[in-house]
Amino acid sequence: MKNLVASALILLGSSAFAQSVNDQLNDYPTIARADYVFGCMAVNGQGRDQLAKCACSIDHIATILPYERYVEAETVLSMQLAGGERMAIFRTASMTQAIVADLRRAQAEAEILCF
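Let me sum up the structure you'll find in this document.

Rules behind the numbers
Residues numbered from 1 in each chain as written. Predicted model: local features only at pLDDT ≥ 70, side-chain atom pairs only at ≥ 80, totals over all residues. Heavy atoms only, no water. Helix = DSSP H or I, 4+ residues; strand = E, 2+ residues; numbered from the N terminus. Buried < 20%, exposed > 50% of the residue type's maximum accessible area, 1.4 Å probe, protein only. Areas by Shrake-Rupley, 256 points an atom, 1.4 Å probe, with all protein chains shown as cover. Expected span 1.5 Å × (residues − 1). Arc of directions from axis to C-beta.

On to the overall build of the chain, then. Looking only at helices and strands, the chain features 6 helices and 0 strands. Along the chain, helices (α) and strands (β) appear in the sequence α-α-α-α-α-α when read from the amino end. In the chain, buried positions account for 23% of the 115 residues. Surface accessibility of the chain: about 8,000 Å² in total, with carbon and sulfur atoms responsible for 63%.

Once that is clear, we can look at helix α6 (residues 94–114). Every α-helix winds through 3.6 residues per turn, so residues three or four apart in the chain are directed the same way. The end-to-end C-alpha distance of α6 is 30 Å, a good match for the 30 Å that 21 residues give at a rise of 1.5 Å each. Within α6, burial applies to T96, I99, V100, L103, A106, Q107, A110 and C114. Taken around the axis of α6, the buried residues stretch over an arc of 115 degrees, which confines them to a single face. Those residues of α6 that are exposed and aimed more than 90 degrees away from the buried face are S94, R105, I112 and L113.

Okay, helix α4 (residues 67–81) next. Taking 1.5 Å per residue as the helical rise, α4 with its 15 residues ought to reach 21 Å, and the 21 Å between its terminal C-alpha atoms agrees with that figure. Within α4, the full set of buried residues consists of Y70, A73, V76 and L77. For α4, the angular spread of the buried residues around the axis is 125 degrees, confining them to a single face.

If you want it as structure tokens, here you go:
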């Protein structure tokens, strides 16, 4: 009985580890991936081949940038579009520029691989 319990605990532990690795590799919510693909297709075209390329692109970006950093970069980009004196920090601060640069590098790599 002890061996059965021990085996079950080991199996559950390895399953939890596998789940956490899977969560780390796929931490982008479906809605974020879909939003990226819709935007990508709006820029690159509406065909089935563009759908595949845009999906490949966000999948590759997800392997490079954790979702939290992706959200930060998207937020900075949207704030850079806003006008006004208060938003100037999002356009000029080196920290915000570095956040966006990480996303741009990931996008460039994805474009090379997928397009």
